[in-house]
Amino acid sequence: MKYSIITFGCRVNQADSLAIEAELAAGGGEAVSTEHAEIVVVNTCSVTASADQGARQTIRRIARTNPSAKIVATGCYATRCRDEVAALPGVVAVIANDDKVRSTLGTLSTLGTLGTPGTLGTFEEGPCGRPLAPGLMGRTAWTLRVQTGCEEKCTYCIIPTTRGASRSRRLDDIQQEVARVVAAAYKEIAITGVHLGSYGRDLSPRSSLLALLRELVKLGKAGAFDRGRDRGVLFRVSSLEPMDFPTDVLDLPNIAPHFHLPLQHASNRILDVMRRPYSIAYYADLVDTIRARVPHAAIGSDVIAGFPGETDDDFEQLVGYLETSPLTHLHVFPYSDRPGTVASSLPGKVHGSVIKARAQRLRDISRRLADAFRVAQRGSVRPALTIEDGSVAVTDNYFRVPAPARVHGRNEWTDVTL
């Protein structure tokens, strides 16, 4: 079976797509371009209106360039607008987010393209099946989803309605997956979830993200080593809400000094309207603590420009904080209404031209923050993992740099001088 997987959006979707691809590869499937695929899985996002539009355009393009392809749509947009997605050309099935991986594999089996699907680690390799190895989907690191769903009430966000309540994977289930990917020579694992910081609160007995990371670090340190260099496996923690960040994680070994803490705004008035459960003072203290304890850490954030009711003074408060903050990069989101969210019905909508100008100003700040971080790190020596053909490496604090000439091949640890 010739297949192709298109993934939109967050690392949670990337993790789900990796799990699907691992099963397809183990069963003898052949990854090809969408133009030559018999089956195309489109894993959609719905965080913004442009994400919805991108998914629609992609599905239409696939149907136009490969009319015989069977398109299976899944993800948040497919969950939120099932009928709308089902009506797109070439779509033969729409899979909701609930149990996405198993349901998608089951659908492919029903379509006659796959044998009986299992779960990651139990699918039997076919006679031509590919073993799990770095490079799957072109990625050197493995992305591990440990949680899905969200019960926060942010007024701008549609994701709780598409992902449902928070649900954590059992520790033994996660440990089995980590053991398998470590045995397959993966040397970096990104830990992700829809509301990652809520991990374990729904389990019995109750657990926490910090407890999980402590257990995973033990497994990683017993993992695959390169040329006798006892680096173990590096765990990269995905986006964490600031109120959930456990500062004790800064003391754990083999945790990448690379954190993403969504701020969204620096005006307490706007944070209240957004229903974000922290103040700018709390956020600033947290980020300052990380910078003081881990001077080489990359610290990214999300900010929204033009949220309903945002005044010039609110925006200047955001600008004022960002310009003097120790953040190293920003993801800037121009506000757009999402039907079904509280924010879509709020008064005081900001004009589109103002939103565009404010977003550009924030992107300019992001560039200056990134430049300042690069200058501050110049001359430092960081561990890095080679990717692609081995000519490029990614440092633990997420700089993408040329790999030293002595290193050959993908997935090797090396040291680089920035």
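Okay, so let's go over this structure.

Here we take up the overall build of the protein. Within the protein, the regular secondary structure consists of 12 helices and 16 strands. Against the 2.2 N^0.38 benchmark of 22 Å for 418 residues, the protein shows a C-alpha radius of gyration of 22 Å, consistent with a compact globule. Projecting the C-alpha coordinates of the protein onto the three principal axes gives extents of approximately 65 × 55 × 45 Å. Counting over 418 residues, the protein shows a buried share of 54%. Across the protein, every contact between residues at least 6 apart in sequence was considered, and the portion connecting residues at least 24 apart equals 70%. Of the roughly 17,500 Å² of accessible surface on the protein, 52% is carried by carbon and sulfur atoms. Looking at charge distribution, the protein has the averaged site of its 49 positive side-chain charges lying 2 Å from that of its 45 negative ones.

The subject of this paragraph is the nonpolar core. Membership of the largest hydrophobic core comes to 76 residues, with the highest contact counts inside it found for Trp142, Ile189, Tyr321, Leu322 and Leu362. In this view, Ile189 contacts Trp142, Leu144, Val178, Val181, Val182, Val233, Leu234, Phe235 and Arg236; residues no more than four positions away in its chain are not counted. If you look at the next biggest cluster of nonpolar residues, it comprises 21 residues, including Ala37, Ala55, Ala78 and Val91.

Here we take up the pairing of strand 13 (residues 381-387). Successive side chains on a regular strand alternate, one facing one side of the sheet and the next facing the other. For strand 13, a buried count of six out of seven residues is recorded, marking the element as mostly surrounded by other parts of the structure. Sheet analysis places strand 13 next to strand 16 (residues 413-417), joined by five bridges and oriented antiparallel. Bridging across to strand 16, Pro383 finds its partner in Asp415. Here strand 13 pairs with strand 14 (residues 392-395) via four bridges, running antiparallel. Note on strand 14: the bridge partner recorded for Ile387 is Val392. With antiparallel pairing between neighbouring strands as the criterion, strand 13 and strand 14 make up a hairpin whose turn holds four residues, including Glu388 at a positive phi of roughly 55°.

All right, on to the side chain of Thr140 then. Along the chain, the position of Thr140 falls in the loop between helix 5 (100-110) and strand 6 (142-148). Among the polar contacts listed, one links the side chain of Thr140 to the side chain of Arg410, at a separation of 2.8 Å.

Our focus in this paragraph is the sheet that holds strand 14. Taken in spatial order, the four strands line up as 15-14-13-16 in an open sheet, and their pairing is antiparallel. Two strands close off the open sheet at either side, each with one partner strand: strand 15 (400-402) and strand 16. Taken pair by pair, the neighbouring strands of this sheet meet at an average axis angle of 45°, ignoring direction.

This part covers helix 2 (residues 49-65). Helical geometry: 3.6 residues make up each α-helical turn, so side chains three or four residues apart lie on a common side. Given a rise of 1.5 Å per residue, 17 residues ought to cover 24 Å, and the 25 Å separating the end C-alpha atoms of helix 2 matches this to within 8%. Within helix 2, the full set of buried residues consists of Ala51, Asp52, Gly54, Ala55, Thr58, Ile59, Ile62 and Ala63. Looking down the long axis of helix 2, one finds its buried residues gathered within 165° of arc, a one-sided arrangement. Taken together, the buried residues of helix 2 touch strand 1 (2-7), strand 3 (39-44), strand 4 (70-75), helix 3 (76-80), helix 4 (82-86) and strand 5 (91-95).

Attention now goes to the pattern of salt bridges. Inspection of the entire model under this criterion finds 25 salt bridges. Asp52 is the partner of Arg338 in a salt bridge, and the nearest nitrogen-oxygen pair spans 2.7 Å. Note that Arg338 is positioned in the loop between strand 12 (329-334) and helix 12 (352-377) and Asp52 in helix 2, a separation of 286 residues in sequence. Across the pair Asp312 and Arg358 runs a salt bridge whose closest N-O atoms are separated by 2.7 Å. In this pair, Asp312 is assigned in helix 11 (residues 312-324) and Arg358 in helix 12, connecting sequence segments 46 residues apart. For Arg358, a relative accessible area of 7% gives the class buried. Sharing partners across several salt bridges, the network here consists of Asp16, Lys100, Arg145 and Arg163.

Residues Ser204 and Pro205 are joined by a peptide bond in cis, for which omega reads 0°. Notably, Ala185 is not glycine yet its phi reads approximately 80°, a positive angle. Turning to its location among the elements, Ala185 is positioned in the loop between helix 7 (171-183) and strand 8 (188-193). Overall, Ala185 belongs to the partly exposed group, its relative accessible area being 28%. Positive phi, close to 55°, is recorded for Glu388, a residue that is not glycine. Tracing the backbone shows Glu388 in the loop between strand 13 and strand 14. Look at Glu388 and you get partly exposed, because its relative accessible area is 37%.

Before going further, it helps to examine the packing of helix 1 (residues 11-26) against helix 5. As a packed pair, helix 1 and helix 5 sit with axes 9 Å apart at the nearest point and diverge in direction by 40°. With respect to their mutual orientation, helix 1 and helix 5 come out oblique. Helix-helix and strand crossings are classified by hand; for helix 1 and helix 5 the assignment is right-handed. Residues Asn13, Asp16, Ala19, Ile20, Glu23 and Leu24 of helix 1 form the contact with helix 5, whose participating residues are Lys100, Val101, Thr104, Leu105 and Leu108. Looking at the contact of helix 1 with helix 5 residue by residue, the classes come out as six nonpolar, two polar and three charged.

The subject of this paragraph is the environment of Ala266. Secondary-structure assignment places Ala266 in the loop between strand 10 (258-260) and helix 9 (268-274). In sequence terms Ala266 and Arg167 are 99 residues apart; their C-alpha atoms lie 30 Å from each other. The residues contacting Ala266, other than those within four sequence positions of it, are Ile280, Gln317, Leu318 and Tyr321.

Reading the values: rules and limits
- Residues numbered from 1 in each chain as written.
- Predicted model: local features only at pLDDT ≥ 70, side-chain atom pairs only at ≥ 80, totals over all residues.
- Heavy atoms only, no water.
- Helix = DSSP H or I, 4+ residues; strand = E, 2+ residues; numbered from the N terminus.
- Rg over C-alpha atoms; globule rule 2.2 N^0.38 Å.
- Buried < 20%, exposed > 50% of the residue type's maximum accessible area, 1.4 Å probe, protein only.
- Contact = heavy atoms within 4.5 Å.
- Areas by Shrake-Rupley, 256 points an atom, 1.4 Å probe, with all protein chains shown as cover.
- Lys, Arg positive; Asp, Glu negative; His and termini not counted.
- Charge placed at Lys NZ, Arg CZ, Asp CG, Glu CD.
- Core = buried A, V, L, I, M, F, W, Y, C linked by side-chain atoms within 4.5 Å.
- Pairing = 2+ DSSP bridges.
- Polar contact = N/O pair within 3.5 Å; in protein donor to acceptor, adjacent residues only side chain to side chain.
- Axes fitted to C-alpha atoms, helices over the stretch in contact; angles between N-to-C directions.
- Expected span 1.5 Å × (residues − 1).
- Arc of directions from axis to C-beta.
- Salt bridge = Lys/Arg side-chain N within 4 Å of Asp/Glu carboxyl O.
- Parallel < 35°, antiparallel > 145°, perpendicular 65-115°, else oblique.
- Left-handed = near helix turned anticlockwise from the far one by under 90°.
- Nonpolar A, V, L, I, M, F, W, Y, C, P; charged D, E, K, R; others polar.

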